[in-house]
Amino acid sequence: MKKFARMLAVALALGMTLTACKPGNSGKNNSTDAGSKDSTEVVSNDGKGKTGESKINWDAKTLPVKNEGDPIENGNLEYGIVTDSPIKGIFDLSLYTDQTDYDVIAMMDGGNLYDNDDSFRIISSDRVEIEYDEEGNKVTFKLNPDLKWSDGTPVTAMDLAYPYYIVGHPDYTGIRYDKSEDERIVGMKEYHEGTTDKISGITTPDDHTVVVQYTELTPATHWGSGLRVQLSPYHYIKDIPIADLESSDEIRVKPLSAGPYYISNYVQGQKVELSANEHYYKGKPKIAKINMEVVPVSNVVSAMKAHKYDMISQVPSKSVEDLKQIPGYQLVGTGEFYYSYLGFALGHFDKKEGTITTNPDAKMANVNLRKAMGYALDQNAVAEKFYKGNNELAKTITLPIFNEFHNKDIEGYYYDPDKAMKLLDDAGYKDVDGDGYREDPEGQPLEISLAMMSGGDTQEPLSQYYLQSWEKIGLKAKLATGSLIEVNSFYDKLDAEDPEIDVFAAAWGVGTNPNPKETYGNSAAFNMSRYTSDKLQETIDRISSPEAADPEFMAQAYKDFQQVAFDEVPAIPLQWRTGFQMINNRVLNYDAGYGNGEKTTNSGDWAVSAEKPLEK
């Protein structure tokens, strides 16, 4: 189940797993948790804050949580969705954007349709057989004929083909259409432009087989680029106009499921009741109902002390030590598929054309200004004070879990205020009028607006720490809108390129496809900084090129991308973190591992050994 939380928001290229933190689970990550709520003062550990090897556990292919007891029949499981915002309620893998929606979808589906190998390539599972034909530039899917929807209707080839038709449609309301990847599918461009109602490159030779023909089958396809290994109930939604699909009851209130559970009741924004799917291909699950409800970050500790939930969607970093003391639970931690980052308003995304244009005259366009803002922040001290040592400085955008691709030579933006000030001096940012704040290189006043999400009791002091750190190097900064911004409004403002925002602190829940094109490519809607350059795009293109069939070539391309991203600063990685899972002692068959190259359990395999969460 660990893999559910990480695939939110983001195997963006798959268009099915986004968590924030679409990168996915490229879902946006709505986490705002932090630690101590006292002073914003932090103390650097060693002056420059450089770190050695990661202290986070990135090696957990499988991690069974061993609880004793025998399964009971028709038990319920209580699940807390940790968020300070309502559930949006878009329960479809082609359309959702929020982590909370993905939490529900993942619980219903029982994980992905596919399995992953050691390096997270997409491979066959007992639900679908996948064959890559490199010479023929095609991928063939054969669905398990035992799969059925929760209304008893057999799953067919059209259910796997239809997500391509949803995302590629001219009236598609979501954000997963990627021109550069999706238009490698033969006929997709014509379909997307509305000149045909069929995608010629997608065929269904029989009721359980789908063939996707590409103009070029790149190595990145094995990680999901241009691939949608997901199901949509064609028989159930085919008559709904694509433009109306996102707002339909069939998506928001009573979606079908081919997984172990389906939504049997939904209290808008607050509660979701899942019931066991008697048509599930493995047989009806042992847990009869899973009750999912919103629990605010500030209420997590009190709720768990009351043994209200068996598990929660995320363990707030500030609460780890308190939660460890509560009897009746196990707390397990591994490196999370997540990084927080500092983004910059640097350009414009043309939604119609699907292209990024960087503005050379943007307030934050000077690369030395961006670098200085990174070196001014002591991320190691922030990790200790605000995140209780469970986080650490994120050195690159590519996580260490992708061992063959991660560039270990990059030190990251460690704390060095002297270096920050020299960068500003060299770039011409100087205090011209003697007021203690630097003007821009033209001598004009400079004030930087920072956007941060609300939620939890430490976002405010953390935001003040950022502002104070920049003030210490002579940069005048303030909060955009004058205060913290509610999560959904925060991302709406970013998507709309609100001119009031110069800098923003956000996070990605990263999917198992490490390809950066979905968040840093020149045609990516999730490129929130709206930055591109020839050099950066060239490294991204090499990752997806035919030459990347050579593992050494691909690994070097990833490392080169990280170096260029570090040098050009489209964003500054801030924190990697340990993701904790809290499991009550009555929950059986739970596995907290990543599932790369190993079999892990999902919600359909779980059981409970008692009628309610155990208190010891």
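Fair warning: this is a prediction, and the values are worked out from it, not measured in the lab.

A look at the overall build of the protein chain
Helix and strand content of the protein chain: 18 helices and 24 strands. What you see for the protein chain is a C-alpha radius of gyration of 24 Å, in line with the 25 Å of a compact globule of 616 residues. Counting across all 616 residues of the protein chain, residues that qualify as buried make up 62%. Summing over all exposed atoms, the protein chain offers an accessible surface of approximately 22500 Å²; the carbon and sulfur share of this is 45%. When the 62 positive and 96 negative side-chain charges of the protein chain are each reduced to one mean point, those points stand 3 Å apart.

Structural notes on the packing of aromatic side chains
Aromatic rings considered in pairs are described by the distance between their centres and by the relative angle of their planes. This model, assessed by the stated rule, comprises 24 aromatic pairs. Ring geometry for Phe 490 and Tyr 491: centres 5.0 Å apart, planes at 85°, overall edge-to-face. Sitting over the face of the ring of Phe 553, Arg 542 holds its NZ or CZ atom 5.8 Å from the ring centroid. Lying across the ring of Tyr 338, Arg 577 places its NZ or CZ 3.6 Å from the centre.

Some thoughts on the side chain of Asn 368
Assignment of secondary structure puts Asn 368 in helix H11 (residues 367-375). Polar side-chain contacts of Asn 368 include one of 3.5 Å to the backbone oxygen of Leu 423. Contacts of Asn 368, omitting those with residues within four sequence positions, involve Leu 423, Leu 424, Asp 426 and Ala 427.

Concerning the pairing of strand E2 (residues 75-82)
Extensive coverage of E2 is indicated by the burial of six of its eight residues. Bridge count for E2 against strand E11 (residues 287-295) is eight bridges, and the pairing is parallel. Across the sheet, the residue bridging to Glu 78 is Asn 291, located in E11. Note: E2 against strand E12 (residues 311-312), two bridges, orientation parallel. Residue pairing for E12: Gly 80 is matched across the bridge by Ile 312.

Topic: the pattern of salt bridges
Under the counting rule described, the total for this entry stands at 27 salt bridges. Where Glu 321 meets Lys 324, a salt bridge forms, and the shortest distance between an N and an O atom there is 3.6 Å. A residue pair is termed a helical-turn pair when its members lie 3 or 4 positions apart in one helix, as Glu 321 and Lys 324 do in helix H10 (residues 320-324) at three residues. For Arg 530, the salt bridge identified is with Asp 495, shortest N-O distance 4.0 Å. In this pair, Arg 530 is assigned in the loop between helix H16 (517-520) and helix H17 (534-543) and Asp 495 in helix H15 (residues 487-495), connecting sequence segments 35 residues apart. Given the relative accessible area of 29%, Asp 495 is considered partly exposed. Each of Asp 178, Glu 181, Arg 184, Lys 517 and Glu 518 takes part in salt bridges that share partners, so that together they form one network.

Points about empty space enclosed by the protein
For the second largest cavity, the calculated volume is near 360 Å³. Lining the second largest cavity are 29 residues, and of these Leu 93, Ile 105, Asp 109, Trp 149 and Leu 231 lie nearest its centre. Secondary structure elements with two or more residues in the lining of the second largest cavity: helix H2 (99-109) and helix H8 (249-252). With five residues, the top contributor of residues to the lining of the second largest cavity is H2. When the residues that make up the lining of the second largest cavity are grouped by side-chain class, the tally is 18 nonpolar, seven polar and four charged.

Focus: the sheet that holds strand E9 (residues 261-267)
Sheet strands associate in pairs through backbone hydrogen bonding, adopting either a parallel or an antiparallel arrangement. Strand order in this open sheet of five strands is E9-E10-E11-E2-E12, and the pairing throughout is mixed. Here the strands that pair on one side only, and so sit at the sheet edges, are E9 and E12. Where E9 meets strand E10 (residues 271-276), six bridges bridge the pair, whose relative direction is antiparallel. Across the sheet, Tyr 261 pairs through a bridge with Ala 276, a residue of E10. Lying on the sheet, H2 is in contact with E2, E9, E10 and E11; it crosses E9 at an angle near 140°.

Looking at the environment of Phe 580
With respect to the element layout, Phe 580 can be found in strand E21 (residues 571-584). Exposure remark for Phe 580: the relative accessible area of 15% places this residue in the buried category. Separated by 125 residues in the primary sequence, Phe 580 and Gly 455 have C-alpha atoms spaced 19 Å apart. Among all residues touching Phe 580, those that are not within four sequence positions of it are Val 315, Val 320, Leu 331, Val 332, Gly 333 and Asn 390.

Topic: the confidence of the model for the protein chain
When pLDDT drops low, the exact placement of atoms in the prediction is not to be read closely. Summing up the model confidence of the protein chain, the mean pLDDT is 90 and the portion of residues at 70 or higher is 92%. Note on residues 1-28: pLDDT under 50 across the span, and 223 contacts to partners over four residues away in sequence or across chains. Every residue in residues 43-47 is under pLDDT 50, and counting partners more than four places away or in other chains gives ten contacts.

Thoughts on the sheet that holds strand E8 (residues 209-213)
With antiparallel pairing, four strands are arranged side by side in an open sheet as E5-E6-E8-E7. Here the strands that pair on one side only, and so sit at the sheet edges, are strand E5 (128-133) and strand E7 (202-206). Adjacent strand axes in the sheet meet at a mean angle of 20° when their direction is disregarded. As defined by bridge partners, E7 adjoins E8 across three bridges and the pair is classed as antiparallel. Within E8, the residue paired with Asp 206 across the bridge is Thr 209.

Some thoughts on the nonpolar core
Counting 86 residues, the largest nonpolar core has Leu 342, Tyr 466 and Trp 470 as the members making the most contacts within it. Among all residues touching Trp 470, those that are not within four sequence positions of it are Leu 342, Met 373, Ala 376, Leu 377, Leu 450, Leu 475, Ala 477 and Val 503. Of all hydrophobic cores here, the second largest spans 78 residues; its members include Tyr 132, Ala 157, Tyr 165 and Val 608.

What to know about the packing of H11 against helix H13 (residues 417-427)
At a minimum axis separation of 8 Å, H11 and H13 run at an interaxial angle of 165°. One way to sum up the angle between H11 and H13 is to call them roughly antiparallel. The element H11 and its partner H13 pack so that their crossing is left-handed. Taken together, the residues of H13 that come into contact with H11 (itself represented by Asn 368, Leu 369, Lys 371, Ala 372 and Tyr 375) are Pro 417, Lys 419, Ala 420, Leu 423, Leu 424, Asp 426 and Ala 427. Taken together, the residues that form the contact of H11 with H13 break down as eight nonpolar, one polar and three charged.

What to know about H13
Of the residues making up H13, those classed as buried are Ala 420, Leu 423, Leu 424 and Ala 427. End-on view of H13: buried residues confined to an arc of 95°, all on one side of the axis. For H13, the exposed residues lying more than 90 degrees away from the buried face are Asp 418, Lys 422 and Asp 426. Residues of H13 that are buried in the fold lie against H11. Just downstream of H13, Gly 428 is the residue with a positive phi angle, here 90°.

Rules used in this analysis
- Residues numbered from 1 in each chain as written.
- Predicted model: local features only at pLDDT ≥ 70, side-chain atom pairs only at ≥ 80, totals over all residues.
- Heavy atoms only, no water.
- Helix = DSSP H or I, 4+ residues; strand = E, 2+ residues; numbered from the N terminus.
- Rg over C-alpha atoms; globule rule 2.2 N^0.38 Å.
- Buried < 20%, exposed > 50% of the residue type's maximum accessible area, 1.4 Å probe, protein only.
- Areas by Shrake-Rupley, 256 points an atom, 1.4 Å probe, with all protein chains shown as cover.
- Lys, Arg positive; Asp, Glu negative; His and termini not counted.
- Charge placed at Lys NZ, Arg CZ, Asp CG, Glu CD.
- Phe/Tyr/Trp six-rings, centres within 6.5 Å; stacked < 30°, edge-to-face > 60°.
- Lys NZ or Arg CZ within 6 Å of the ring centre and 35° of its normal.
- Polar contact = N/O pair within 3.5 Å; in protein donor to acceptor, adjacent residues only side chain to side chain.
- Contact = heavy atoms within 4.5 Å.
- Pairing = 2+ DSSP bridges.
- Salt bridge = Lys/Arg side-chain N within 4 Å of Asp/Glu carboxyl O.
- 1 Å grid on protein atoms, 1.4 Å probe; cavity = no way out; pocket = protein on both sides within 12 Å on 5 of 7 lines; lining within 4 Å.
- Points joined across faces, edges and corners; volume = space filled by probe spheres on them.
- Nonpolar A, V, L, I, M, F, W, Y, C, P; charged D, E, K, R; others polar.
- Axes fitted to C-alpha atoms, helices over the stretch in contact; angles between N-to-C directions.
- pLDDT = per-residue confidence, 0-100.
- Core = buried A, V, L, I, M, F, W, Y, C linked by side-chain atoms within 4.5 Å.
- Parallel < 35°, antiparallel > 145°, perpendicular 65-115°, else oblique.
- Left-handed = near helix turned anticlockwise from the far one by under 90°.
- Arc of directions from axis to C-beta.

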